[in-house]
Amino acid sequence: MKVSIVGGGPGGLYFALLAQKAWPRWDITVYERNRPDDTFGFGVVFSDQTLDAFKAYDGPSYEMIRRRFAYWGDVDVVVKGRALRSGGNGFCGCSRVALLHILHDRCRELGVKLVFQKEIDSLDALPASDLTVVADGINSKIREKYKTHFKPSVDLRPNKFVWLGSTRPLDAFKYFFREAPEGIVLAHAYQYEEGRSTWIIETDEQTWRNFGFDRMDEAAMLETAERLFAEELDGHRFIANRSLWRNFPTITNETWVKVEGKAAAVLVGDAKATAHFSIGSGTKLAMEDAISLFSSLQKEKTKEDALRKYDTGRREEVEKTQHAANVSLAWFEHMRRYWDMDPLQFAFGVMSRSKQITWENLELRDPQFIREVRCWYAGKMKDQGLDIDLANPPVPMFTPFRLRGMTVENRVAVSAMDQYSAVEGVPGDWHLVHLGARATGGAGLVFVEMTCVSADGRITPGCTGLWNETQRDAFRRITDFCHANSKAKLCLQIGHSGRKGSTQLGWERMDHPLEKGNWPVVSASPVPYHEGISQTPRALSPEDMKVIELQFVKSTQLADEAGFDMLEVHMAHGYLLASFISPLTNRRTDDYGGSIENRMRFPLAVFSACRKVFPKEKPMSVRISAADWAPGGLSGEDLLALTNMLKEAGCDLIDCSTGQTVPQQRPVYGRMYQAPYADWVRNEVGIATMTVGAITSADQVNTLLASGKADLVALGRPHLVNPYFTLQAAAWYQHEGQFWPPQYLPGRDQALRNAQRERAELTELRLRARPASHEVK
Ligand SMILES: Cc1cc2nc3c(=O)[nH]c(=O)nc-3n(C[C@H](O)[C@H](O)[C@H](O)COP(=O)(O)OP(=O)(O)OC[C@H]3O[C@@H](n4cnc5c(N)ncnc54)[C@H](O)[C@@H]3O)c2cc1C
Ligand SMILES: Cc1cc2nc3c(=O)[nH]c(=O)nc-3n(C[C@H](O)[C@H](O)[C@H](O)COP(=O)(O)O)c2cc1C
């Protein structure tokens, strides 16, 4: 077989050597446009885990790599004069040119032909090849030439970055943050060999312009950067190497493979997909692509099957890394947002930014760092006058939280979940047992399902309502039980279903009209939810709005009488108030449509009217859909504007959900996927937030709180299968301050003992499962 490889970067070379070793008779040539010693940039980084893979696939190159590399285990976040170190991370680095030389030598030894200074711009230039591996990097000309086939898309990120070198020795991976009158600038820096370090300088576009970097030549740029990082450089200079400011392109391709007759081409490395440098995975991805392509060729019977297998089998892994990189780069794009945080919290945020590193695995790597964060978090709460034992500070999830006159025992909330089990809006025994179990299960705050302000405002005939005394008294039975038997606080969520009303129960055909007995529905505009299926709602007149506002007020008064500690107004998920907020559902041309101020007019009037009658010492929250996940939906500016308006109106907490506005939504699900919105609102608007959505572990709860993304963390579905989530977590963290119902105290003692043992066993297992360092001592 004749194989041509376009591009002699790490991806192309590594594939060449693996293939030549396995199939010595193959005729393999690498075409590289540069000379062997040319290289852009400075160092590359690998984790211990990546080295494990190299070891498994090619012993000799692995040995050369590991002998050549510099190793470190610490990561330092240097901010506002403080250096915060977390250890146990396990990375190594070497110069890119050294890595390429190792790969060149190994390729030659195996018989790969290396052709330098030969540029290949088209597959037509390699007519005799049975397989062309397209490894020509981020600006791949071949990918672009055949773009109607590969269908690439490029997301050019807003931050500016430049890749520099220095002679400054560094004993850890460093994030150096600097604030100047022009703005905040960051250097990602690490040593890759004796006396050589890589420095990637990153900043937002405005700061970049403020510095005048857009008008400077290389010499002036270096001088300015050296002045800015003078302290960090410690007398050393920056070195440039074709160092241009760039915007990072996140690249994806719909297909990675092109088969035409006997000839086939396949994309690997940056040509195929890029991952932002802040997770240091570009070279790793390129070399792992080479491994994956090689393995597919080894396993499959035909070349075509192998290429298809590579395209489908490797995608998930690549997309996961790209997702982690995208979450990571977004953190750096919003550095300003976190700037006023305490350096310790800021550092925790840097470390946990891509969701791959959490509270517990950071604790495993560096218990001392986590102890410091824990003490700091607890101390901050103590400063707010809350009762906390600082000698034995709780993990963030077990610190209390106060809103107005209400203090919750811990930061875990049960998210509002409709049970569709009420009769005439009256909650029954199901609700007593369901809510009673969640309250005694230990969550600090239990949200009660969307409870409707009128019969016509119900979503389904099974929804709870609060417009009469019978309903109030039935709720009183529940709040009395919970207050008598737990420390949980109870928050009632009130709402009106709008155009999503008169629909079937949650376990029937959700959001579809009733089979019979429908009632008329209303909304901001006469647009049905499911075109051709749902009822067309009547658009509310200002007089109708007044009537509904009064219904909300009545429910608020009844909620207070029913003994609720807190009230939430439901402005999310496409229900009535949400239908005014989203431009997708509000087509009005009067004072209630158009600008976000107009779209918020009715929801805000409802909120203010409720706030007026709800006791001052009792807090109120609002649930919002912070994004619609559909084109033309709520914008980021709208989100900030509306949450600012709510804050002004006396709202104490924003419960940040997303979506469910329109059926054509395309949400991007994933662990903690809605947390970025709670983070955004909390740290841009300065209001307490609650996050929710695909949060399943106490570890995630602690990570979200410690990094300052939210003040409360709600779990919905996990609480349906486990009402005792919080009590179990208390045992896991040996937190003795958590309230347990006295009836359950014998269970507590056993749970604490078992958890201690299980935790020790798991820690041991995790420590043993950690990839060993590949350092040659
Ligand atoms: C600022 C920055 C910092 C980075 N830091 C790290 C890091 O710390 N760790 C890490 O792992 N990765 C890092 N990367 C990413 C890393 O450089 C790339 O992801 C990795 O090199 C991709 O390997 P590749 O083989 O796909 O492409 P490349 O390494 O880009 O190789 C492509 C090769 O193809 C050649 N070529 C291009 N066009 C042609 C043509 N038409 N004909 C012939 N030859 C051609 C090029 O000269 C080049 O040698 C960083 C990237 C940037 C931009
Ligand atoms: C059965 C069920 C009923 C729900 N009912 C409501 C509700 O009444 N009000 C509301 O705001 N959200 C409701 N939700 C959404 C949840 O509060 C929560 O936002 C969602 O389930 C995501 O969180 P999770 O991943 O922890 O489950 C409901 C979810 C479920 C599963």
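Summarised in this report is the structure supplied together with it.

Each value, and the rule that gives it
Residues numbered from 1 in each chain as written. Chains lettered and ligands numbered in written order. Predicted model: local features only at pLDDT ≥ 70, side-chain atom pairs only at ≥ 80, totals over all residues. Heavy atoms only, no water. 1 Å grid on protein atoms, 1.4 Å probe; cavity = no way out; pocket = protein on both sides within 12 Å on 5 of 7 lines; lining within 4 Å. Points joined across faces, edges and corners; volume = space filled by probe spheres on them. Nonpolar A, V, L, I, M, F, W, Y, C, P; charged D, E, K, R; others polar. Near = heavy atom within 4 Å. Polar contact = N/O pair within 3.5 Å; in protein donor to acceptor, adjacent residues only side chain to side chain. Areas by Shrake-Rupley, 256 points an atom, 1.4 Å probe, with all protein chains shown as cover. Sits in = over half its atoms within 2 Å of the grid points. Helix = DSSP H or I, 4+ residues; strand = E, 2+ residues; numbered from the N terminus. Pairing = 2+ DSSP bridges. Axes fitted to C-alpha atoms, helices over the stretch in contact; angles between N-to-C directions. Buried < 20%, exposed > 50% of the residue type's maximum accessible area, 1.4 Å probe, protein only. Left-handed = near helix turned anticlockwise from the far one by under 90°. Contact = heavy atoms within 4.5 Å. Salt bridge = Lys/Arg side-chain N within 4 Å of Asp/Glu carboxyl O.

Quick word on empty space enclosed by the protein
Line of reasoning, step 1. Under the definition given, this model contains seven cavities of 30 Å³ or more.
Line of reasoning, step 2. Of the volumes computed, that of the largest cavity is approximately 80 Å³.
Line of reasoning, step 3. What lines the largest cavity is M571, A578, I581, S582, I624, S625, D628, L634, L642 and T661.
Line of reasoning, step 4. Each residue belonging to the lining of the largest cavity can be placed in one class, and the counts come to six nonpolar, three polar and one charged.

Brief notes about the site of ligand 2
Line of reasoning, step 1. Neighbouring residues of ligand 2: 17 residues in total, closest S415, A416, R623, G716 and R717.
Line of reasoning, step 2. M450 is positioned such that a nitrogen or oxygen atom in its backbone is 3.0 Å from an oxygen atom of ligand 2.
Line of reasoning, step 3. Within the backbone of A694, one N or O atom sits 2.7 Å away from an oxygen atom of ligand 2.
Line of reasoning, step 4. With the chains in place, 83% of the 600 Å² that ligand 2 exposes on its own is no longer accessible.
Line of reasoning, step 5. A majority-of-atoms criterion places ligand 2 in the second largest pocket.
Line of reasoning, step 6. Secondary-structure elements contributing two or more residues to the shell around ligand 2 are β21 (445–452) and α26 (717–721).

What to know about the sheet that holds strand β22 (residues 489–495)
Line of reasoning, step 1. An order of β20-β21-β22-β25-β26-β27-β28-β29 is seen for the eight strands of this closed barrel, with the pairing classed as parallel. Taken over all neighbouring pairs, the strand axes of this sheet differ in orientation by 25° on average, direction set aside.

Details of the site of ligand 1
Line of reasoning, step 1. The environment of ligand 1 is made up of 32 residues, and the closest members are E32, R96, I120, D270 and T283.
Line of reasoning, step 2. Between a nitrogen atom of ligand 1 and a main-chain N or O atom of V45, the distance comes to 3.2 Å.
Line of reasoning, step 3. Within the side chain of R96, an N or O atom sits 2.8 Å from an oxygen atom of ligand 1.
Line of reasoning, step 4. If ligand 1 stood free it would expose 990 Å²; the protein chains cover 94% of that surface.
Line of reasoning, step 5. Counting only elements with at least two residues in the shell around ligand 1, the list comes to α1 (10–22), β3 (43–47), β10 (152–166) and α10 (282–299).
Line of reasoning, step 6. If one sorts the elements of the shell around ligand 1 by residue count, α10 sits on top with four residues.
Line of reasoning, step 7. Taken together, the residues that form the shell around ligand 1 break down as 13 nonpolar, ten polar and nine charged.

What about the pairing of strand β1 (residues 2–6)?
Line of reasoning, step 1. In terms of burial, β1 is a largely internal element, four of the five residues being buried.
Line of reasoning, step 2. Across five bridges, the pairing between β1 and strand β2 (residues 27–31) is parallel. The residue bridging I5 from the neighbouring strand is V30, located in β2.
Line of reasoning, step 3. By the bridge criterion, four bridges tie β1 to strand β9 (residues 131–134) in an arrangement that is parallel. Opposite S4, over in β9, you have T132 as the bridge partner.

Here's the deal with the packing of helix α27 (residues 725–732) against helix α28 (residues 745–769)
Line of reasoning, step 1. Running from amino to carboxyl end, α27 crosses α28 at an angle of 65°, the nearest separation of the two axes being 8 Å. For the element pair α27 and α28, the recorded crossing hand is right-handed. Between α27, through A730, A731 and W732, and α28, the contact on the second element is made entirely by A751, L752, A755, E758, R759 and L762.
Line of reasoning, step 2. The residue inventory of the contact of α27 with α28, partitioned by class, reads seven nonpolar, no polar and two charged.

A closer look at the pattern of salt bridges
Line of reasoning, step 1. Scanning all chains against the criterion turns up 53 salt bridges.
Line of reasoning, step 2. Taking the shortest distance from any N to any O, the salt bridge between D74 and R85 comes out at 3.1 Å. Placement of the pair is D74 in the loop between β4 (70–72) and β5 (75–79) and R85 in strand β6 (residues 82–86), with a sequence separation of eleven residues.
Line of reasoning, step 3. The exposure class of R85 is partly exposed, given its relative accessible area of 34%.

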